[in-house]
Amino acid sequence: MVPNALIETASRPYRAAGRFAWHFASAKLRHDPFFAYILAHGLIPDGARILDLGSGQGLLAAWLIGARAWHRDHADQAWPANWPAPPAPQSIYGIELTPRDVDRARIALRGNEARVRFFCDDIRVTPFPQADVVVACDVLHYVDSNAQEAVLHRVRTSLASGGMLLLRVSDAAAGWRASVDRAVDFGMQLARSGRTSGLTVRSEAQWLALLGELRFDVTICPMGNGTHMANRLLIARTAG
Ligand SMILES: C[S@@+](CC[C@H](N)C(=O)[O-])C[C@H]1O[C@@H](n2cnc3c(N)ncnc32)[C@H](O)[C@@H]1O
């Protein structure tokens, strides 16, 4: 169970970015199991250089920084007993196409510029820095098939030895559940950026084949709940 106060701590900085940003942050951190999962399973190591592709309004950074602060102040009272301590990343570098989201991220995370930076750019073309952990949560289906392959190829090159890609996708072979995911993502894109584009989806097996070609070792975590039952988190590791 994710402590309510942790969600409030991580979403509170978005009040400065407006009501939409704040309510969206608190709803997403509460209902999307991705955020709790990465903390509960200690997926991100201390000192990691994190590259967040399609970083949206910077929720991953807000979550990790909020968790660290909340753990420091309240661990003895309410930090979930089976969760490890949250990581202290060395840096978080977000790349996001939508200027409004980049603005929201910068406003909410201001004061953390020494280690958290957001760039308004296109993951299809902008160079990636070296990273220990690359996160691509619900973003690759917004680019076409060739771009998906090219981005993953560049992710593989940018990852340090022993590095890890956290790729969250919807399994296109999951029938009506996948259709629900697509409809939600289409609607969210329209609401947040005023932009819509076609979505390019793959089945879980197709994602695994592509990651295999790039010499990743992959663990699959079903990540569905509620309306998002087709979601999968693919934890793709490079050889150490
Ligand atoms: C569903 S949102 C997920 C945001 C974030 N990863 C999260 O989990 O909160 C997908 C994001 O990817 C961004 N995006 C789509 N295509 C992109 C591209 N080519 N380059 C950078 N960002 C992109 C969208 O603008 C949107 O903010």
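Just so it is clear, the model here is predicted, and its values are computed rather than measured.

### Let's talk about the pattern of salt bridges
Tallied over the full model, the rule gives 10 salt bridges. A salt bridge links Arg168 to Asp32, with the nearest nitrogen and oxygen atoms 2.7 Å apart. Placement of the pair is Arg168 in strand β5 (residues 159-170) and Asp32 in the loop between α2 (19-31) and α3 (33-40), with a sequence separation of 136 residues. Overall, Arg168 belongs to the buried group, its relative accessible area being 2%.

### Some words on the packing of aromatic side chains
All chains considered together, the criterion is met by 6 aromatic pairs. Taking the centre distance of 5.3 Å and the plane angle of 85° together, the rings of Phe34 and Phe35 count as edge-to-face. Of the two residues, Phe34 and Phe35, both sit in the buried class. Plain terms: the ring middles of Tyr93 and Phe119 are 4.4 Å apart, the flat faces sit at 25° to each other, and that makes the pair stacked. Linking Tyr93 in strand β2 (residues 91-96) with Phe119 in strand β3 (residues 116-120), this pair joins segments that are 26 residues apart in sequence. The exposure class of Tyr93 is partly exposed, given its relative accessible area of 26%. Every member of this aromatic cluster is reached through a ring pair, and the members are Phe34, Phe35 and Trp63. Over the ring of Phe128 we find Arg154, and its NZ or CZ is 3.9 Å from the ring centre. Above the face of the Trp207 ring, Arg202 is positioned so that its terminal group lies 5.3 Å from the ring centre.

### Some points on the side chain of Ser203
Among the secondary structure elements, Ser203 is positioned in the loop between α7 (176-193) and α8 (204-213). Residue classification places Ser203 among the buried residues on the basis of a relative accessible area of 14%.

### Brief notes about the site of the ligand
The full set close to the ligand counts 20 residues, and Gly54, Glu96, Thr98, Asp122 and Ile123 are the nearest of them. Contact between the ligand and Thr98: an oxygen atom at 2.9 Å from a side-chain N or O atom of the residue. Cys137 places a main-chain nitrogen or oxygen 3.0 Å from a nitrogen atom of the ligand. Its residues assigned to classes, the shell around the ligand shows 7 nonpolar, 4 polar and 9 charged.

### As for the nonpolar core
Trp63 and Leu166 are the most contacted members of the largest nonpolar core, which totals 46 residues. For this core, the element with the most residues is helix α4 (residues 59-78), which contributes 9 residues. Those residues in contact with Leu166, other than ones at most four positions away along the chain, are Ile38, Leu43, Ile44, Val133, Val134, Val135, Ala136, Leu233, Leu234 and Ile235. Among the nonpolar cores identified, the runner-up in size contains 26 residues, and Ile95, Phe128, Ala131 and Ala236 belong to it.

So, how was this worked out
Residues take numbers from 1 onward in each chain, read along the sequence in its written order. Only residues with pLDDT of at least 70 get local features here, since the model is predicted, and only at 80 or more are side-chain atom pairs given and counted; chain-wide, interface and lining totals rely on the full set of residues. Values shown for side chains rest on all heavy atoms present in the structure; no hydrogens or waters enter the calculation. A side-chain nitrogen of Lys or Arg and a carboxyl oxygen of Asp or Glu constitute a salt bridge if their distance falls within 4 Å. Secondary structure elements follow DSSP: runs of H or I of four or more residues count as helices, runs of E of two or more count as strands, with numbering from the N terminus. Partly exposed describes any residue whose relative accessible area lies between the buried limit of under 20% and the exposed limit of over 50%, with all areas from a 1.4 Å probe on protein chains only and scaled to the type maximum. Ring pairs shown here join Phe, Tyr and Trp side chains whose ring centres sit within 6.5 Å, with only the six-membered ring taken for Trp; geometry is labelled stacked below 30 degrees between planes, edge-to-face above 60, and tilted in between. Charge over a ring is defined by NZ of Lys or CZ of Arg lying within 6 Å of the ring centre and within 35 degrees of the ring normal. Only a single heavy atom is needed: when it lies within 4 Å of a molecule or strand, its residue is near that molecule or strand. Any pair of nitrogen or oxygen atoms within 3.5 Å is treated as a polar contact; in protein, a donor-acceptor pairing is required on top of that, and neighbouring residues in sequence qualify only through side-chain atoms on both sides. Asp, Glu, Lys and Arg are counted as charged, while Ala, Val, Leu, Ile, Met, Phe, Trp, Tyr, Cys and Pro are counted as nonpolar; the rest, among them Gly, fall into the polar class. In this description, a nonpolar core means a group of buried Ala, Val, Leu, Ile, Met, Phe, Trp, Tyr and Cys residues linked to one another through side-chain atoms lying within 4.5 Å. Contacts: residue pairs with any heavy atoms within 4.5 Å of one another.

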